[in-house]
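Observations on chain architecture
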Amino acid sequence: PDMPVLYYQRASILSDLERYKESIESAQKYLDILGDDPDMLNMMAASHLELKQHDKARDCALRVLSEAPLNEEALTYFGRTARPEDAAKFEELLRKSEDAETCLISIASSLADEPSSAVHDVLVSVAEKVAPDAEVTASLKTERRARELWVKVTAAGAGGDALLVS
């Protein structure tokens, strides 16, 4: 007979060892036996993010948020993977959060090396509505402007240096 606790422990250990694919497999076996569990789904979301499987991470986070809309960890994973069409839902969930600003800070810091401008755009638009005066919102807006300038500079090629000076 299957013992769910063993799958849970195995998934956790494999995640700690950065063996994310195997961790996800054990986590799925656990969920197959016991059904959705927020801790396990959040662990799976984290593993999917490590594997750059953003859609799967987003799906795990949404499964948690459908049952526990105040789950800050799932909200953070959702924010890290949000698509433009998710902006309204992300805003709604963030407004319910006990500490929206801290959640935004966590998401922003985790996106520092993320090349996807779509996720940044969602984060900025939601931050401007939920925490317009927060330092993290100002920082996100500055980063967005820098990204926009970088796109212009790279598109301009050799003449792009002039854009940096102007």
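Residues numbered from 1 in each chain as written. Predicted model: local features only at pLDDT ≥ 70, side-chain atom pairs only at ≥ 80, totals over all residues. Heavy atoms only, no water.

Overview of the environment of Leu-111
Under the convention used in this document: Secondary structure elements are defined from DSSP: runs of H or I of at least 4 residues count as helices, runs of E of at least 2 residues count as strands, and each element is numbered from the N terminus. Burial classification: accessible surface area is computed with a 1.4 Å probe over protein chains only, and a residue below 20% of its type maximum counts as buried, one above 50% as exposed, and the rest as partly exposed. By definition in these notes, contact holds between two residues if any of their heavy atoms fall within 4.5 Å.
Residue position: Leu-111 is located in the loop between helix H7 (100-110) and helix H8 (117-130). Residue Leu-111 is classed as buried on the basis of its relative accessible area of 2%. Not counting residues up to four positions away in its chain, the partners in contact with Leu-111 are Arg-80, Val-119, His-120 and Leu-123.

Concerning the nonpolar core
Note the threshold: In these notes, a set of buried Ala, Val, Leu, Ile, Met, Phe, Trp, Tyr and Cys residues joined through side-chain atoms within 4.5 Å is what counts as a nonpolar core.
Residues Phe-90, Leu-94 and Leu-123 are the most contacted members of the largest nonpolar core, which totals 43 residues. Broken down by element, the residue count for this core peaks at seven residues, all from H8. For Leu-94, the residues in contact, after removing those within four places along its chain, are Leu-75, Ala-100, Cys-103, Leu-104, Val-126 and Val-130.

Structural notes on a negative patch on the surface
We apply this condition: Residues qualify for a patch when their relative accessible area is over 30% and they have no salt bridge, like charges being joined within 9 Å and the nonpolar side chains of Val, Leu, Ile, Met, Phe, Trp and Tyr within 5 Å. The protein chains shown are the only cover counted for residues, whose accessible areas, like all others here, come from Shrake-Rupley with a 1.4 Å probe. The rule for a salt bridge is simple: a side-chain nitrogen of Lys or Arg has to be within 4 Å of a carboxyl oxygen of Asp or Glu. When charges are counted, Lys and Arg contribute as positive and Asp and Glu as negative, whereas His and the chain ends are disregarded. Lys charges are placed at NZ, Arg charges at CZ, Asp charges at CG and Glu charges at CD.
Taken together, the side chains of Glu-98, Asp-99, Glu-101 and Glu-135 define an acidic patch exposed on the protein surface. Among the secondary structure elements, Asp-99 is positioned in the loop between helix H6 (87-96) and H7. For Asp-99, a relative accessible area of 37% puts it in the partly exposed group.

Looking at the side chain of Thr-76
Mapping Thr-76 onto the fold places it in helix H5 (residues 72-81). Setting aside its immediate chain neighbours within four residues, Thr-76 contacts Cys-103, Ser-106 and Ile-107.

Notes on the state of the cysteines
Just so we agree on the cut-off: Criterion for a disulfide: a pair of cysteine sulfur atoms within 2.5 Å.
By the definition in use, this model includes zero disulfides. Here Cys-60 stays free of any disulfide, with the sulfur of Cys-103 as its closest cysteine sulfur at 17 Å. Judged by relative accessible area, Cys-60 falls into the buried class, the value being 5%.

Some remarks on the packing of H7 against H8
Helix-helix packing is characterised by the crossing angle of the two axes and by the distance between the axes. Operational definition: Angular values range over 0 to 180 degrees, each being the angle between N-to-C directions of two axes fitted as lines to C-alpha atoms, with helices fitted over their stretch in contact. Any angle that is under 35 degrees is reported as roughly parallel, and any over 145 degrees as roughly antiparallel; angles of 65 to 115 degrees are reported as roughly perpendicular and all others as oblique. Here a crossing is taken to be left-handed if its near helix is turned anticlockwise relative to the far helix by less than a right angle, and right-handed if that turn runs clockwise. By the convention adopted, Pro, Cys, Tyr, Trp, Phe, Met, Ile, Leu, Val and Ala count as nonpolar, Lys, Arg, Asp and Glu as charged, and the other residues, Gly among them, as polar.
Contact geometry of H7 with H8 gives a least axis separation of 11 Å together with a crossing angle of 160 degrees. Classified by the angle between their axes, H7 and H8 sit roughly antiparallel to one another. In this structure, H7 meets H8 at a crossing whose hand is left-handed. Each of Ala-100, Leu-104, Ile-107 and Ala-108 in H7 lies in contact with H8, whose residues at this interface are Leu-123, Ala-127 and Val-130. Split by residue class, the contact of H7 with H8 holds seven nonpolar, no polar and no charged.

Some details on the side chain of Ser-47
Assignment of secondary structure puts Ser-47 in helix H3 (residues 38-50). In contact with Ser-47, other than residues within four places in its own chain, are Ser-15, Tyr-20, Ser-23 and Ile-24.

Regarding a nonpolar patch on the surface
There is a patch of nonpolar side chains on the surface, built from Met-3, Val-5 and Leu-6 and spanning about 280 Å² of accessible area. Relative to the elements of secondary structure, Val-5 occurs in helix H1 (residues 4-16). Given a relative accessible area of 46%, Val-5 falls into the partly exposed group.

As for the packing of aromatic side chains
Heads up, the condition is: To pair, rings of Phe, Tyr and Trp, with the six-membered ring standing in for Trp, must have centres within 6.5 Å; the planes then decide the type, stacked if under 30 degrees apart, edge-to-face if over 60, and tilted in the middle.
Per the stated rule, a full pass over the model turns up two aromatic pairs. Plain terms: the ring middles of Tyr-8 and Tyr-30 are 5.3 Å apart, the flat faces sit at 65 degrees to each other, and that makes the pair edge-to-face. With Tyr-8 in helix H1 and Tyr-30 in helix H2 (residues 20-34), this pair connects stretches of sequence that are 22 residues apart. Residue classification places Tyr-30 among the buried residues on the basis of a relative accessible area of 10%. Consider the rings of Phe-78 and Phe-90, whose centres lie 5.9 Å apart with planes at 80 degrees: the pair is edge-to-face. Within this pair, whereas Phe-78 is found in helix H5, its partner Phe-90 is found in helix H6, the two being separated by twelve residues in sequence. Assigned by exposure class, Phe-78 and Phe-90 land together as buried.

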